[in-house]
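Coordinate inspection notes
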Amino acid sequence: MDRAREEEIRGRYPATKPPDGNVDRTFAWQTSQIQLYDAALDHIHDAVVVTDDRGKTTYLNRAAERLLGRSISELRSMNILDCFRDENGDSSSWMGRKILRLEEMKDERQVVVRPDECETPVLHTLRPIVKEGVLIRVVGTMRDISELERRNR
């Protein structure tokens, strides 16, 4: 990040500057920042999911738990792509192929399939996080569009 951008961020968010020197204060500051970000993500209406390079969930907010009908412990034991179908009812393996090619996916209509087989249409955005040309994480957001589709019918 360039210096001007860093100063702009620190000016708007002064809490983003960690305390200097003291290890205990720095650790406490980092912990408080994590708690702040977790609280912010848990209050977002849209579902947020982060996976590793193999599709195993490493983070999801409360909206994602509700939408997917699964806890993070359940999702850690499966590939997140198993929770989705495309408009034809086929598996979302194409989504995985896109991610492996390091392609972003924006506002694609998908269907979330919950464990009780309930299906919910969503707009799904995926963004690969790449470091030195290697996929390390995928960040995804989903918005339930079932009410919107009902109104448009």
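About the criteria used
Note that residues are indexed from 1 along each chain, following the sequence as it is written. Note on the predicted model: pLDDT of at least 70 is required for a residue's local features to be given, and 80 or more for side-chain atom pairs to be given and counted; whole-chain, interface and lining totals, by contrast, use all residues. Note that water and hydrogens are dropped before the side-chain values are worked out from all heavy atoms of the structure. Secondary structure elements are taken from DSSP: a helix is a run of H or I of four residues or more, a strand is a run of E of two residues or more, and numbering for both begins at the N terminus. Categorising residues by exposure relies on relative accessible area from a 1.4 Å probe, with only protein chains included: less than 20% of the type maximum marks a residue as buried, more than 50% marks it as exposed, and the intermediate range marks it as partly exposed. Residue contacts follow a heavy-atom distance rule, with two residues in contact if any of their heavy atoms lie within 4.5 Å. Under the convention used here, a 1.4 Å probe and the Shrake-Rupley method define accessible areas, while residue burial counts only the protein chains that appear. Remark: nonpolar core denotes a set of buried residues (Ala, Val, Leu, Ile, Met, Phe, Trp, Tyr, Cys) joined through side-chain atoms within 4.5 Å. We define a salt bridge as a contact between a side-chain nitrogen of Lys or Arg and a carboxyl oxygen of Asp or Glu at a distance within 4 Å. Two strands make a pair as long as DSSP finds a minimum of two bridges between them. Only protein atoms enter the 1 Å grid used here, on which a cavity is any set of points holding a 1.4 Å probe that cannot leave and a pocket is any open set flanked by protein within 12 Å on both sides along at least five of seven lines; residues with an atom within 4 Å of a point are listed as lining. Grid points are joined across faces, edges and corners, and a volume is the space filled by probe spheres set on the points. When residue character is reported, Ala, Val, Leu, Ile, Met, Phe, Trp, Tyr, Cys and Pro are called nonpolar, Asp, Glu, Lys and Arg charged, and the others, Gly included, polar. In this analysis, a patch consists of residues with relative accessible area above 30% that form no salt bridge, clustered at 9 Å for like charges and at 5 Å for the nonpolar side chains Val, Leu, Ile, Met, Phe, Trp and Tyr.

**Thoughts on the overall build of the chain**
In terms of helices and strands, the chain carries six helices and six strands. Starting at the N terminus and ending at the C terminus, the chain contains elements arranged as α-α-β-β-α-α-β-α-β-β-β-α. Within the span of the chain, comprising 153 residues, buried residues form 32% of the whole. Contacts in the chain between residues far apart in sequence, at least 24 positions, make up 34% of those at least 6 positions apart. Summed over its atoms, the accessible surface of the chain is roughly 10100 Å², and 50% of this surface lies on carbon and sulfur atoms.

**Section: the nonpolar core**
Nonpolar side chains tend toward joint burial in soluble globular proteins. In this structure, L68, F84 and M142 are the most contacted members of the largest nonpolar core, which totals 21 residues. Of all the elements in the fold, those that place two or more residues in this core are β1 (47–52), α3 (62–68), α5 (93–100), β4 (105–113), β5 (119–131) and β6 (134–144). Ranked by residue count, the leading element in this core is α3, at four residues.

**Looking at the pattern of salt bridges**
Scanning all chains against the criterion turns up seven salt bridges. A salt bridge links R127 to E104; the shortest N-O distance between them is 3.4 Å. Note that R127 is positioned in strand β5 and E104 in the loop between α5 and β4, a separation of 23 residues in sequence. Taking the relative accessible area as the measure of exposure, R127 reaches 52% and is therefore exposed. On the basis of relative accessibility, which here comes to 41%, the residue E104 falls in the partly exposed class.

**Quick notes on the sheet that holds β4**
Backbone-to-backbone hydrogen bonds pair the strands of a sheet. The strands run either parallel or antiparallel. Spatially, β2-β1-β6-β5-β4-β3 is the arrangement adopted by the six strands of the open sheet, whose pairing is antiparallel. Either end of the sheet is taken by a strand with one partner, and the two such strands are β2 (57–60) and β3 (84–85). Of the strand pairs in this sheet, β3 and β4 are connected by two bridges, and their pairing is antiparallel. Following the sheet pairing, F84 is matched in β4 by V112.

**Let's talk about the pairing of β1**
Across a regular strand the side chains alternate sides, sitting on one face of the sheet and then on the other. In terms of burial, β1 is largely enclosed, as six of its six residues are buried. Along β1, one buried face is formed by A47, V49 and T51 and the opposite face, lined by V48, V50 and D52, is buried too. As paired strands, β1 and β2 are joined by three bridges and run antiparallel to one another. Bridge assignment links T51 to a residue of β2, and that residue is T57. Linking β1 to β2, which pair antiparallel, is a turn of four residues; within it G55 sits at a positive phi near 85°.

**Quick notes on the layout of surface pockets**
Roughly 250 Å³ of internal volume is contained in the largest pocket. Contributing to the lining of the largest pocket are 20 residues, with T51, G55, I80, L81 and I99 lying nearest its centre. Of all the secondary-structure elements, those providing two or more residues to the lining of the largest pocket are β1, α5, β5 and β6. A breakdown of the residues in the lining of the largest pocket according to their chemical character gives eleven nonpolar, six polar and three charged. Contributing to the lining of the second largest pocket are H45, D46, A47, A63, R66, L67, M142, R143 and D144. Looking at the lining of the second largest pocket, its residues break down into four nonpolar, one polar and four charged.

**As for a nonpolar patch on the surface**
Nonpolar side chains collect at one region of the surface, where I129, V134 and I136 lie side by side and expose about 220 Å² of accessible area between them. Note that I129 resides in strand β5.

By themselves, these figures tell us nothing about what the structure is for.
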